[in-house]
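Chain by chain, the residues:
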Amino acid sequence: MKQEIRFILNGEHVSLNVDPSRTLLDVLREDLGLTGTKKGCDEGDCGACTVLIAGKPINSCLTPMGKINGQEVLTIEGLGDPEQLHPLQEAFLKVGAVQCGYCTPGMLLSAKAILDINPQPTEAEIRDSIAGNLCRCTGYTKIVEAIKYAANLLEGRS
Amino acid sequence: MGFEYFRPGSVEEAVSLLFEHGPQMNVLAGGTDLLVKIKHKAIHVSKVMDITGIDDLRILNEDNQDLIIGAAITQNEIVRHPIVAQKYTALKEGAGQLGSRQVRNLATVVGNICNASPSAETAPALLVYEAKVTAVSCRDSREIAIKDFFAGPGKNSLAPGELVTKLSLPAEPARSGSAYIKLSPRRAMDTAVVGVAAYVRLDSAGKCTICRIAMGAVAPTPVRAFQAEQAVIGAELTREVLAEAGRIAAEEVRPISDIRASADYRRQMVEVITRRVLETAWRRAEGSNK
Amino acid sequence: MGFSVVGQNLPRLEGKEKVTGQAKYIDDLNFPNMLHGKLLRSPYPHARIVAIDTAAAKALPGVKAIITAEDLPDRRHGPFVQDTPLLARGKVNYVGEPVAAVAAVSLEVAERALSLIKVNYERLSEVLDPLIAMESDAPVVHENLDAYPAVFPVQRHGNICSLITIEDGDIEQGFKTADFVFEDTFTTPMAHQCHLETNGAIAAIDAQGRVTVWASTQSVHLNQIRIAETLDMPMSKVRVIQTRVGGGFGAKVELTVQPYCVALARLSKRPVKIILTREEELVATRPRHSSIVTVKTGVKKDGTLVARQIKLIYDTGAYADDGPGIVGFGSLMANGPYRIPNYKIEGYCVYTNKVATGAYRGFGNPQAAWACESQLDIISRELGIDPLEIRLRNALDPGDKTVGGQNLFSVGIKECLKAIKEGMDWESPKSKNRGRGVACVHHLSGLLASSAYVRINQDGTAHVAVGAADIGQGSDTTMAQIAAEELGLSIEDVAVVSQDTDSTPYNWATTATRLTYMAGNAVRRAAADAKQQLINLAAEVLGLPADKLSARNKVVVSVDEPQKRISYAELGVISHWVKGGQIIGNNSWMFNEQPFSIDVKVTGFPFRVLGAYNYGAHAVEVEVDHETGLVRVVNALTAHDVGKAINPLSVEGQSQGGFTQGVGYALFEDLKVKDGKIISNTLLDYKIPTAVDVPAIKSLIVETNEQTGPFGAKGIGEAPLVPVAPAIANAVYDAIGVRVKDLPLTPERILDALKV
């Protein structure tokens, strides 16, 4: 039942021989050791498993590997690393938008997706863009502040 | 999840796979409904055919002024499409309120109606546009009126071996307007307690020449409110007409009580939401110069 | 007093690993040869187990261990009443109760094995309603109730798991002196913590038979004690290590899956991992108690509260768990932060055949506050007094005594009320269908024991070991700030030791808003001990009296001759290589004020010591759609007296997060039960707020310098959830003039109330 699936993961070409019915989430976590993408419900209701495919946020728990062939996937591991944080990561730390951290990877990717297409979103647009990412710790206020802060950081840099 | 995975490259290949494997073969587009059912063990699935790799199903354009929506077009592609935003507002509003943004990047409009949930967010809009569903099989191709497409909760009227390839929405003339309102306690990622779409076309004097109203989550399938529509056709926009349409619509529905709301509440909300959505559609028609 | 580290908005110590996806939560860990465990759960609310046949499951290839109650020590456990078997013994008491556990080479095999276990049940009549359960002819959940040991002087009979009473003054006389008496009954549903990371653990056994458990937990120490107790092991053979925790809110204090992992690992001799699914989490863990609370309040014309009688009935489900503690705590909190001279409070913790309920942020206070803060609004409207004003008139002052009679030192409730009055522009005009509401909270920071030690490394930096489990709220950073401040170090010079029963000293748990206050006190005192040892060593080396030396900025320096000085690094080297050995400061701490004064009549109360009170007030503005009943919170302001904010960013984060959980509790969170089974089994049907369900929340901090707290600090964790639901309901009343007394405030309930 296994098939060869080729795709670009965090900028690198990957070729895997996997069962195409398995979810991207499980393959990232179990086969590729990329555990930054989280499983909060495994049925598309929480957004913790959010990754970007071709720049768009999707639930990796609802995406079979068969759909990934030829795609470009970005996970939290590809956003930035501790020595070179992405401005969103920097902003989340500075503003205090991280508490337990479980929603954070998915939240950051949803935030990246909005800033990529809308560099200076309004408060309402930011809230709308992360409405698919549940957070039980922060009450969202500081997450929204962090995304605004990152938008300004990014604008200052470009 | 352990099913055999097929990814045909053409409609011909897809329908022959359906023919060959019969009812064992399940069609997967966005997968946001099917995979959840599989994970919940609500269904057991051995074979899945992913149709999103078929280029012919990725059409989203105006053809002879009809809007064509291919079966692989996602909800967010609909939301972002300029023609949809301009002319098919109710559809944009329905698609834009389905699930989360992440789900909308996966889920398709065609998948939403094939899944035939009574509360499907895009169904009321497609009903008021009188969309046509194109179903293709090995042998032939046919068009099904959207009002005949829904057969019951989770049931559509496709015959074995048939695949929906596209939806066609008739061209929208000037002086027409549409809207969709979804009522749910949570403001995102929620299932509609009631969802109503309305479509209004006006003559030059401002009288309604065509009115269509459709509702979700109030009957075993998404349904038209034909009697309420009759109360609007020929009328001018008044508070009384809107109220009357709401009242009649509330009488037409057959809601149930479930975990989300009671039947009584749903019925009351049909009245309120029908009135509101009709007014919005009407205002849009008045303001449109398409 | 000027601080250099305390009071700073420092980013999280562990922040970088969280924003880069490198943080390791329990399900991110795997071990060679590891098995996957699953639990078989009861399908019935009440049934006798006639027989369990595991033969077919055991025969399934890949199944490595199966346990039922027969394979475990015959004992029950529980933090207050020992009534809970690890696996159902003789009968099942709720839908979802674990009956058997399986470990297999994969999850799929484990699941198949579950389906092959045959359990023969004989249905018993169940009791699902606590009011019916309290009747004498109701089906009995626990026939041997009296045989269960309890850790406090429990009063119980029938299905009443515990009864707590607190009485002071003269209640009859109090009502006689009142100008008006109000009586109302309020209800709340079960609510789930909904931590985004589900519960999970891994257990492995070494060659000596020693067990190591990695767990998503709020207390490695409680886990260690409970595993040892339930599986008959000495604590010396049990080691528990905390992974990063994806939220807890009370759900991860007591055992969840840990003992099953251990039992299966012992049997299979392989590591065993169990991670709960979201559905298991929602239907079979320990949510907040549903409640029925009746409040009778006597009041003078000017709004002065003179008497109050409260009856709280909390449904604890099939097992006590924290129920007696929660009911006791709720009873203690029920009067709110007000002076009420005459009161009688009765708290009933009642068994039913539903899921066992437990600790969730607020610990009994949200239910009591829902009732009392709603009723105070009713009273204020009836008397024609502004709802914020009536609170100010009755609010406690420093030096007052609270329920039970404990002395209060820092009391900032009036400052909180004034802050929100000003911040919300309370008296400004409102648009149509909008309303404003206010509600207050008091809550304890404290309970039980905490300990810490601080060791000074050879280079003068420090390691802080404290059993304070950071579950996302930021306690590691707070502990480091407290230690750094006391030691005169910068935050970079302080490492906080990861939670591990082999290396972090005892702390009861991350619960009861207690870490900053309790663990913080232990850390500060341990740091002070270490600092004194640094000074004493410096005194010897420098040949100066210790009381003429001070320690800061990593240097011990002479007060009189500042050129005489020695760095911590030098002292570190001396202590490690020349004299005395490593400097280790330590402290163990408990709150020691008497909880009850002699004239207060108290029975069945489950705690011996309490703690310091923190205070808060919230103001909200809502918009109500009077045709659909939908409520939207458009403006939110919180003010909390935390004594001293060690890290203001964290205090704000707790305030905003707690507020948002309160919005869910107020508007839509409801763990619905049908025929004894929880039907809100997904995050679609158990709805928690999204980013578009709440406004930007403004959080104000009030500092009152609590004399018993570290650097004046108390705590914040739970309080911000407590007043939200009544504040919102009070605002709904202000907007459209209807009072809903049952949570959640569903659109349907609001419309029904409008019709009356």
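Residues numbered from 1 in each chain as written. Chains lettered and ligands numbered in written order. Predicted model: local features only at pLDDT ≥ 70, side-chain atom pairs only at ≥ 80, totals over all residues. Heavy atoms only, no water.

1. Let's talk about the domain arrangement of chain A
Residues and elements named next belong to chain A. Cut-off, in case you're wondering: The source of the domain bounds is an automatic or database domain assignment. Should any heavy atoms of two residues lie within 4.5 Å, those residues are counted as being in contact. Buried area adds together the accessible area that both of two parts lose upon being put together, with accessible area traced by a 1.4 Å probe. Salt-bridge detection follows one rule: a side-chain nitrogen of Lys or Arg within 4 Å of a carboxyl oxygen of Asp or Glu. In this count, Pro and Cys sit with the nonpolar residues alongside Ala, Val, Leu, Ile, Met, Phe, Trp and Tyr, while Asp, Glu, Lys and Arg are called charged and the others, Gly among them, polar.
Taken domain by domain, chain A holds domain 1 (3-78) and domain 2 (87-157). Centre-to-centre separation of domain 1 and domain 2, based on C-alpha positions: 21 Å. The partner domain 2 presents 12 residues to the 16 residues of domain 1 that form the contact. Carbon and sulfur atoms supply 67% of the area that domain 1 and domain 2 bury against each other, a total of about 1100 Å² over both sides. Inspection of the region where domain 1 meets domain 2 yields 0 salt bridges. Along the lines of polarity and charge, the residues of the side of domain 1 that touches domain 2 split into 7 nonpolar, 6 polar and 3 charged.

2. Notes on the interface of chain B and chain C
To be explicit about the condition: Under the rule applied, a polar contact is a pair of N or O atoms within 3.5 Å (in protein, one hydrogen donor and one hydrogen acceptor; residues adjacent in sequence only if both atoms are side-chain atoms). By definition, any uninterrupted DSSP run of H or I lasting at least four residues is a helix, any uninterrupted run of E lasting at least two residues is a strand, and each is numbered from the N terminus.
Chain B puts 22 residues into the contact, and the matching count from chain C is 23 residues. The three residues of chain B that bury the most area against chain C are Arg186, Arg187 and Ile259 of chain B, which together make up 35% of that side's buried surface. For the pair chain B and chain C, the number of links is 6 salt bridges. With a shortest N-O distance of 2.7 Å, Asp625 of chain C and Arg276 of chain B are connected by a salt bridge. Taken together, chain B and chain C are joined by 13 residue pairs in polar contact (both at pLDDT 80 or more). The element best represented in the side of chain B that touches chain C is helix H12 (residues 263-287) of chain B, accounting for 7 residues. Its residues placed into classes, the side of chain B that touches chain C shows 10 nonpolar, 5 polar and 7 charged.

3. Overview of the sheet that holds strand E17 (residues 449-456) of chain C
All names here are of chain C. Put simply, the rule is: By this definition, two strands are paired if DSSP reports at least two bridges between them. Angles run from 0 to 180 degrees between N-to-C directions of axes, and those axes are lines fitted to C-alpha atoms, restricted for helices to the stretch in contact.
Ordered by their spatial adjacency, 4 strands build an open sheet running E19-E18-E17-E23, and the pairing between neighbours is mixed. Of all the strands in the sheet, the pair left with one neighbour each is strand E19 (494-496) and strand E23 (583-590). On average, each strand axis in the sheet is inclined to that of its neighbour by 20°, with strand direction left out of account. Judged from the 5 bridges that link them, E17 and strand E18 (residues 462-466) form a sheet pairing that is antiparallel.

4. A short note on the sheet that holds strand E2 (residues 47-53) of chain C
Residue and element names in this part refer to chain C. An order of E4-E2-E6 is seen for the 3 strands of this open sheet, with the pairing classed as antiparallel. If you trace the sheet from one side to the other, it starts and ends with strand E4 (91-92) and strand E6 (118-123), each paired once. Looking at chain direction, E2 and E6 are connected through 6 bridges and run antiparallel. When the sheet's bridge partners are listed, Asp53 is paired in E6 with Lys118.

5. Some thoughts on the environment of Lys548 of chain C
Residues and elements named next belong to chain C. The criterion, for reference: Relative accessibility under 20% of the residue-type maximum defines a buried residue, over 50% an exposed one, and the middle range a partly exposed one, all with a 1.4 Å probe and only protein chains included.
In this structure, Lys548 sits in the loop between helix H14 (515-542) and strand E20 (549-552). Judged by relative accessible area, which is 39%, Lys548 ranks as partly exposed. Residues Lys548 and Ala215, 333 residues apart in the sequence, show an inter-C-alpha distance of 48 Å.

6. Brief notes about the interface of chain A and chain C
With 43 residues of chain A at the contact, the number on the chain C side is 52 residues. Interface area, chain A with chain C, both sides summed: about 3700 Å², of which 58% is carbon and sulfur. A per-residue breakdown of the area chain A buries against chain C is headed by Gln99, Tyr102 and Arg136 of chain A, which together make up 22% of the total. In this structure, the connection of chain A to chain C is made through 5 salt bridges. Looking at the side of chain A that touches chain C, the elements with two or more residues in it are helix H2 (87-95), helix H3 (104-117), helix H4 (123-129) and helix H5 (141-157) of chain A. A per-element tally of the side of chain A that touches chain C places H2 of chain A first, with 5 residues. Split into classes, the residues belonging to the side of chain A that touches chain C amount to 19 nonpolar, 12 polar and 12 charged.

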